[in-house]
Amino acid sequence: MLGLKESSPIDMLRKFSVYLDADLLEDYGAARMILDNEKGSGSINVYELFPGLVSWVYDINFSSDLVIDFEFSDNKPFYFSYVTSGYQLQKFPEEEEFKKIKRSQNFILISEPGNKSEFVIPNNKHFKCCYLIINPKLLGTTNSNNISRQLKSNLANILDPNEKDRPYRYLGDIDTRTGTFAEIIIDNKRTDLVGRLLTEAGVLNMLASQIEAHDHDSKTDSFQPSLSKEELSKITELGDYIRENIGNKLTISELSRKVGIPIRKLQEGTRFLYGYSTNQYITNLRLEFAKELIQSTDLSISEVCYRVGYTSRSYFSNLFSNRFGMLPRDYKNSFFQDDLMFEVSYRSMAYSEIKNSDVKDILLAARTHNKQNNITGSLIYHRKVFFQLIEGPKKNVLKLYDKIKKDDRHSDVVTMWKGAKPSRDFKMWSMAMISDDDVLNISYEGTTEKLSLGHLMGDIDDKSLASKNLWRKVRNVIKASKPIKA
C-alpha cells in the first residue's frame, strides 16, 4: 500500500516514482513518471495550468493492485475524474464496500481536512484516467489570470456542499461529451510548451463539461468535431513548427500549407482543440515560451520580447499581463524574492585522475561559498560521477552553475532539472555530501532508514552510471525523503 499525504501534485508524483521505482521527467510546471519494470508499464503525467488547477493523468497498467491510502490536507481541494479505459475503486474509512468509478462516468470528490480515502487501481487492466485537482485557496489571487478568478466563482456557485456533507462524492451518468476532451488530455504525452497548451485547452473543456453534467445531473449529448482524428493530429503537430519559428512572422496561409488542411478547417480545429483562433494560439505559444525564458535565464525583458517575435515591448507586456495576470517585469522580479527558491541539478563525469583529496576540496569550497550566498543542496560522488543539486536565490544559483560548468575537474555536464520551486529541500545543508563509503540517514513515510549509494543505485555497470535515468531516480529518492543529517 502506498501511504500518501496530500501535497503539491508534483511532490506526490515523486513519491509514486520512488514507490514504483520509476523514472520521473520534470519540466516547467509539469512532470511525467514513466514505469517500465516488474511493477507495471505506462505513465502518469502531471501538469499545472496555473496555481490552483492541476491535471493528473494515468495511462498505465499495474502488475498488482495499486492501493493508495490517501490523507487529505487543510486545503479542501476539488477532484474531478473521468476514466476512458479500465476502472477505479474508492471508499471512505467508515464504508465497508468500495464504490466503482466506471468508464465514461463523471466522478467528483470534495475533501475534508484530516479525512482519508482509499483508492484501488486493479492489476492487469489498462487504466486511462484524467483527474483535475482544484485548490480553491490558490485560485483568484491578486496575480491570477481571468480564467482562475472565473473558475473560483463558478465552483462557489455550483459545487459548494455544506460542511456537514463533506467529504462529498458525486458519481454521475455515463457522459460521452466529457470523454472527448479527456481523451485529448490522456493521449497527449508532451510536457513542453506545445503539449501544455493542448492539455490546458482539454482541461478547461473537460472541466466545463463535468460542471455542466453535474449541474443538470443527466446525460449530455454525444459531441464530436467535424474534423477527422488525422486532421486534428496534424493540427496538434503544428505546434512544433511554430515553436521552431517562434521569432518569425507566421501567417495562417503558411500554416495551412504546412499541415495540408484548408484555412477554414484549420481555424475550426484550432478552436476545438484550444478554444482560440489560430492567431491566438500562436500568441499563446509565444507567451508560454517567454515565460520559460524569464524563469530559466537572466535575459532582460526586452531580449525576451524580441526572442519570441515581438518588436514592441509595451505590446508584449500587455499580452503577457492578460494571459498570466502580471507584467513580465513583475514576473521576473518575483524570482528574486527572498522566499522564492530556484534549483539546478546536474550530472557530470569526473576527470580520470581525480583524487579523494580533490573531492574534499570541492566540498569544502562549496560549503564556504554556499553559506555566503544563501545556497543549500547536496553533492553525490560515486565511481567518478558527480551529481549535485543546488538551490537558493535564482541569480546566485545561475551564477554558481555557470562557474561549475567551467570547472576542468569534470566534463559532460548534463542539466537534470532547472527552475523555480516553492521551498527548499535541504534547509540545513550548505552542501551535504554522500560518497561511496557514506551512509545517509533519511526519513520517509514516518520511518528512518540508512541509505547507502550501493543500496540506492543497485548493481550497475560503469556505462550505466552516465545514464540520466539513473540520476533522475537518485534525485527523486533524495527529494522525496527528509534528510536527517549530512
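Analysis parameters
- Residues numbered from 1 in each chain as written.
- Predicted model: local features only at pLDDT ≥ 70, side-chain atom pairs only at ≥ 80, totals over all residues.
- Heavy atoms only, no water.
- Helix = DSSP H or I, 4+ residues; strand = E, 2+ residues; numbered from the N terminus.
- Expected span 1.5 Å × (residues − 1).
- Buried < 20%, exposed > 50% of the residue type's maximum accessible area, 1.4 Å probe, protein only.
- Arc of directions from axis to C-beta.
- Disulfide = S-S within 2.5 Å.
- Axes fitted to C-alpha atoms, helices over the stretch in contact; angles between N-to-C directions.
- Parallel < 35°, antiparallel > 145°, perpendicular 65-115°, else oblique.
- Contact = heavy atoms within 4.5 Å.
- Pairing = 2+ DSSP bridges.
- Core = buried A, V, L, I, M, F, W, Y, C linked by side-chain atoms within 4.5 Å.
- pLDDT = per-residue confidence, 0-100.
- Salt bridge = Lys/Arg side-chain N within 4 Å of Asp/Glu carboxyl O.

Below, the discussion takes up helix α7 (residues 263-274). In this model α7 runs 16 Å from its N-terminal to its C-terminal C-alpha over 12 residues, within 8% of the 16 Å that 1.5 Å per residue would give. All of the buried residues in α7 are L266, G269, T270, F272, L273 and Y274. The arc that holds the buried residues of α7, viewed along the axis, is 165 degrees, so those residues lie on one side. Within α7, the exposed residues directed more than 90 degrees away from the buried face are R264 and R271.

Okay, the state of the cysteines next. Within the structure shown, the criterion is met by zero disulfides. In this structure C129 is not part of a disulfide, and its nearest cysteine sulfur, from C130, lies 6.9 Å away.

Below, the discussion takes up the packing of helix α6 (residues 252-259) against α7. Between α6 and α7, whose axes approach to 9 Å, the crossing angle comes to 90 degrees. In terms of their interaxial angle, α6 and α7 are classed as roughly perpendicular. Contacts from I252, S253, L255 and S256 of α6 reach α7 at I263, L266 and Q267.

The mixed open sheet is built from five strands, whose spatial order is β1-β6-β11-β8-β9. Since the sheet does not close on itself, it has two edges, and those belong to β1 (2-5) and β9 (99-101), each with one partner. Taking each pair of neighbouring strands and ignoring which way they run, the sheet shows an average axis angle of 25 degrees. Pairing of β1 with strand β6 (residues 66-71) involves four bridges; the strand directions are parallel. Counterpart to G3 in the pairing with β6 is D69. Sitting on the sheet, helix α1 (residues 9-20) is in contact with β1 and β6, with an inclination near 165 degrees to β1.

Ranked by size, the top nonpolar core spans 68 residues in total, and within it F80, I134, M206, I242, L273, Y274 and F316 carry the most contacts. Sorting elements by how many residues they give to this core places helix α4 (residues 193-216) first, with nine residues. When near neighbours in sequence (up to four residues on either side) are disregarded, M206 contacts F80, S81, Y82, C130, L132, T178, F181, A182 and I185.

Caution is warranted with low-pLDDT regions, since their predicted coordinates should not be read in detail. On average, residues of the protein chain score 81 in pLDDT, and 80% of them reach the 70 mark or higher. In the predicted structure, residues 218-222 sits below a pLDDT of 50 and forms 11 contacts with residues beyond four places in sequence or in another chain. Note that residues 439-449 has pLDDT below 50 and, in this model, 33 contacts with residues that lie over four places away or in other chains.

Oppositely charged side chains can pair when the atoms bearing their charge come close. Using the criterion set out here, one finds 12 salt bridges in the structure. One salt bridge in this structure joins R169 and E95, with 2.6 Å as the shortest N-O distance. In this pair, R169 sits in strand β13 (residues 168-174) while E95 sits in the loop between β8 (88-91) and β9, placing the two residues 74 residues apart along the sequence. The shortest N-O distance in the salt bridge between K405 and D402 comes to 3.7 Å. Of this pair, K405 and D402 both sit in helix α13 (residues 394-405), three residues apart, roughly one helical turn. Under the relative-accessibility criterion, K405 is labelled partly exposed at 42%. Members of the salt-bridge network, linked through shared partners, are E200, E288 and R323.

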